[in-house]
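Overview (structure and organization)
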Amino acid sequence: MRNHTLVLACALGLLSACQSDDKATEANQKPSSTEQKTTASAPKAVTSEVDKPQPATGDVTILDKYATFELTSDLSHLSDNQKAMIAVLIKAARIMDDLFWRQAFGEDKNRYLKSLGDESLRKAVEINYGPWDRLNGDAAFINGHRAKSLGAEFYPQDIQKSEIENTENADIKSLYTLVERDSQGQLIAVPYHEKYKDSLQQASDLLKQAAELAEDPGFKKYLSLRAEALITDDFKPSDLAWMDMKNNAIDVVIGPIETYEDQLFGYKAAYEAYVLIKDLAWSEKLAKFAAFLPQLQKELPVADAYKTETPGTDSDLNAYDAVYYAGHSNAGSKTIAINLPNDESVQLEKGTRRLQLKNVMQAKFEKILVPIADQVVAPEQRKHITFNAFFANTMFHEVAHGLGIKNTINDKGTVRTALKEHASPIEEGKADILGLYMVEKLHHMGELEEGELMDYYTTFMAGIFRSVRFGSSSAHGVANVLRFNYFADQGAFDYNETTGHYAVNPEKMTAAIASLSEKILKHQGDGDYQAISQWMNEKGQITPQLKKALDTINGAGIPVDVDFKQGPHKLDL
Ligand SMILES: [Zn+2]
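Residues numbered from 1 in each chain as written. Predicted model: local features only at pLDDT ≥ 70, side-chain atom pairs only at ≥ 80, totals over all residues. Heavy atoms only, no water.

Regarding the overall build of the protein
Basically, it comes down to this: Put simply, DSSP marks the helices as runs of H or I at least four residues long and the strands as runs of E at least two long, and each gets a number from the N terminus on. For the exposure calls, accessible area comes from a 1.4 Å probe over protein chains only, and a residue counts as buried if that area is under 20% of its type's maximum, exposed if over 50%, partly exposed in between. Computed with the Shrake-Rupley method and a 1.4 Å probe, the accessible areas treat only the protein chains shown as cover for residues.
Along the protein, the regular secondary structure elements total 22 helices and 13 strands. When burial is assessed residue by residue, the protein has 59% of its 573 residues classed as buried. Of the accessible surface of the protein, which amounts to about 22,100 Å², a share of 49% is contributed by carbon and sulfur atoms.

Have a look at this one:
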């Protein structure tokens, strides 16, 4: 349900970690695919646990799925206190990392890692926080290892779903308890703050220490309240304080937050942390662009009836460099955007904050998008594949969720209700195309000076191939297939049969952006479920031509995700 809520909220533009990659999109192709991290689908390799005296063996090729990237950031604008604080926050994050190991794996991590004979195998286990491949449905890759439990280590291994469903003890279903059996075999709920008391006390003390070093009063308050929250499991006051912060140069997301690791019920929150440095220049630019939304709304290429709503301009959307990932956020595929808090009561009161992680996008750009472009984009256009364009396209996707229409114009209620299960892919498709429309407009207005329009177009085209890899079972995957086929039909890119390369045709691309924007906005405003079903049936499939490109990309051994080298030493702290 939680995942469902996220999709819904994302499509409503409340949450929009939308363009981001996460556990859902890149790796596991979950149907909902909100780019918030989820873990893999049901385990495949089921083998019984066998005691073996010799070192364990396994499949080390899963390391090929990851490209290594160093997490750094420019800290030159920070004071000595702020730098010292980052080091303290990283220490606290590492405690979250240990706690997540306990939630995901259960056994003694260090002893297990030592038992593995091979350095590559150890690395593979570390990336996955256990011997199960998070990019392949949690299949065990250590020979003979048991399958991963759907409920990870949050529940007894012998738990039956009905036991949880039938329980009258509400604490059993809490986000912040472990479920265990007492001596009579009855289920009991053990609060995280009891189970992990010592570790949480240490983390709490570190956050208090960080609060003393903090210069921004809002951040100081948040850190103090978060220190309390870790040892009480009462997170709301700190969530509210987090939403109140506006001017902090440093941020930290820390605690038990997402529930994707619990694939049995999605009840249990997993520990994680991100230590973040705000990108002040980009954050300022974003605020400036959001201010153009009302004007851009009026100029949308669709009849007036479909653009009567007034978009909000006070989006809490900022860019950051991540300098440390820990726990759930660091396991398997890496999120490039965060949208929090999850607490609906805080959302209603304060909204959510969207954090775009620029250096991690850079990682995916360099390690994944550029290699993809080298396979499928015409050589003469590869110079137009730029990080600036990739980042801008991603950011404008987020801003563009605010454009268009939320309510149908014919009394069918909200677009969301009228379009049912098609609502998410169509909303994501809208944000993609209107994001590009915004880029075009702002570029013509002279507001977006960096780069040529062709950079944005060509990088956008290459991005479609990257996103189609998410699979047609994800909202993003479907949106990208529809758009690819639409562009192909309109001649927005030329295909060379011999080389298999694609080249943008700028004039036709411009026309296709306008006509596709109109088509989507009309379908949304009309709440036309039938028309969209038909469109998806006819044009939502991967064509042989597109399949060929995907085969080329997959055959080239391009990594699926990134793994980080990180820590204080990478930041000269
Ligand atoms: Zn989105």
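Looking at the sheet that holds strand β7 (residues 270-278)
For clarity, the cut-off: The rule for pairing is simple: two strands pair if DSSP sees at least two bridges between them. Where helices are involved, their axes are fitted lines through C-alpha atoms of the stretch in contact, as for all axes, and angles between N-to-C directions lie from 0 to 180°.
Taken in spatial order, the five strands make up an open sheet running β6-β7-β8-β10-β9, and their pairing is mixed. Two strands bound the open sheet, and with one partner strand each, they are β6 (250-258) and β9 (337-340). In this sheet, neighbouring strand axes are inclined to one another by 35 degrees on average, regardless of whether the strands run parallel or antiparallel. As judged from the four bridges shared by strand β8 (residues 317-327) and strand β10 (residues 353-357), these two strands associate in the parallel manner. If you follow N318 over to β10, its bridge partner there is L355.

Some details on the nonpolar core
The condition that has to hold: By nonpolar core is meant a set of buried Ala, Val, Leu, Ile, Met, Phe, Trp, Tyr and Cys residues that side-chain atoms within 4.5 Å join together. Contacts between residues were defined by any pair of non-hydrogen atoms, one from each residue, lying within 4.5 Å.
In this structure, L223 and F487 are the most contacted members of the largest nonpolar core, which totals 174 residues. It is helix α3 (residues 80-104) that provides the largest number of residues to this core, a total of 13 residues. Setting aside residues up to four positions removed in sequence, L223 forms contacts with M85, L89, L207, A210, A211, A214 and V252.

So, the packing of aromatic side chains
Defined as follows: Whether two aromatic rings pair depends on their centres lying within 6.5 Å, for rings of Phe, Tyr and Trp, where Trp uses its six-membered ring; planes under 30 degrees apart make the pair stacked, over 60 edge-to-face, and the rest tilted. Comment: the charge-over-ring label is applied if NZ (Lys) or CZ (Arg) is within 6 Å of the ring centre and within 35 degrees of the ring normal.
Within the structure shown, the criterion is met by 29 aromatic pairs. Between Y176 and F235 the ring centres are 4.9 Å apart and the planes differ by 45 degrees, which places this aromatic pair in the tilted class. Taken together, the residues span a long stretch of sequence, with Y176 in the loop between α6 (161-166) and β4 (177-181) and F235 in the loop between α9 (217-232) and α10 (236-244) at a distance of 59 residues. F235 shares its class with Y176; the two are buried. Taken together, a centroid distance of 5.6 Å and an interplanar angle of 70 degrees make the contact between F465 and F484 edge-to-face. Taken together, the residues span a long stretch of sequence, with F465 in helix α18 (residues 453-468) and F484 in helix α19 (residues 475-490) at a distance of 19 residues. The exposure classification of F465 matches that of F484, with both residues buried. The residue whose ring lies beneath K358 is F391, and the NZ or CZ to ring-centre distance is 5.6 Å. In this structure, K519 packs its charged tip against the face of W535, placed 4.6 Å from the ring centre.

Some thoughts on the confidence of the model for the protein
Heads up, the condition is: The quantity called pLDDT is the predictor's confidence in a given residue, expressed from 0 to 100.
Model confidence for the protein is summarised by a mean pLDDT of 88, while 89% of its residues fall at 70 or above. Contacts of residues 22-52 to residues separated by more than four positions or lying in other chains number 132 contacts, the stretch itself having pLDDT below 50.

Observations regarding the packing of helix α14 (residues 358-376) against α18
Helix packing for two helices is described by the angle between their axes and how far apart those axes are. The test is simple: Orientation is classified from the angle alone, with under 35 degrees giving roughly parallel, over 145 giving roughly antiparallel, 65 to 115 giving roughly perpendicular, and any other angle giving oblique. Think of it as three bins: nonpolar holds Ala, Val, Leu, Ile, Met, Phe, Trp, Tyr, Cys and Pro, charged holds Asp, Glu, Lys and Arg, and polar takes everything else, Gly as well.
Running from amino to carboxyl end, α14 crosses α18 at an angle of 100 degrees, the nearest separation of the two axes being 9 Å. What the angle tells us is that α14 and α18 run roughly perpendicular. Along its contact with α14, which presents K364, I368, L369, I372, A373 and V376, the element α18 presents T459, A462, G463, F465 and R466. By residue class, the composition of the contact of α14 with α18 is seven nonpolar, two polar and two charged.

So, the pairing of β7
Taking burial as the measure, the nine residues of β7 include nine buried ones, the bulk of the element. Pairing of β6 with β7, which is carried by eight bridges, proceeds in the antiparallel orientation. Directly across from P256, in β7, lies its bridge partner Y271. When β7 meets β8, the two strands line up antiparallel, connected through seven bridges. Looking at β8, one finds that E272 is bridged to G327.

Re helix α5 (residues 119-128)
At 3.6 residues per turn, the α-helix brings residues three or four places apart onto the same side. Note the following rule: Along the arc lie the directions from the helix axis toward the C-beta atoms. Whenever a nitrogen or oxygen atom comes within 3.5 Å of another N or O atom, the pair is scored as a polar contact, on the condition that within protein one atom can donate a hydrogen and the other can accept it, and that pairs from neighbouring residues in sequence are kept only if both atoms are in side chains.
Of all the residues in α5, the buried ones are L121, A124, V125, I127 and N128. Buried residues along α5 cover an arc of 160 degrees about the axis, so they all sit on one side. On the buried face of α5, the contacting elements are β1 (66-70), α3, α4 (109-115), β2 (132-133) and β13 (561-565). For α5, the capping residue at the N-terminal end is D118, with a side-chain oxygen 2.7 Å from the backbone nitrogen of S120. Once α5 finishes, Y129 follows within two positions and takes phi at roughly 50 degrees, a positive value.

Overview of the pattern of salt bridges
We apply this condition: When a carboxyl oxygen of Asp or Glu lies within 4 Å of a side-chain nitrogen of Lys or Arg, that pair is called a salt bridge.
Considering all chains together, one arrives at 26 salt bridges under this definition. For D98, the salt bridge is made with K109, and the minimal N-O distance between the two is 3.7 Å. In this pair, D98 is assigned in helix α3 and K109 in helix α4, connecting sequence segments eleven residues apart. K109 gets classed as partly exposed once you look at its relative accessible area, which sits at 22%. Between R181 and E163 there is a salt bridge, with the nearest N and O atoms lying 3.0 Å from each other.

Thoughts on unusual backbone geometry
The peptide bond linking L340 to P341 adopts the cis configuration, its omega dihedral lying at 0 degrees. In this structure, A152 takes a positive phi of about 45 degrees despite not being glycine. Tracing the chain through its elements places A152 in the loop between β3 (139-140) and α6. The class of A152 is buried, set by a relative accessible area of 2%. Here the phi dihedral of D411 falls at roughly 65 degrees; this positive angle occurs in a residue that is not glycine. Along the chain, the position of D411 falls in the loop between α15 (387-400) and α16 (415-419). Judged by relative accessible area, which is 80%, D411 ranks as exposed.

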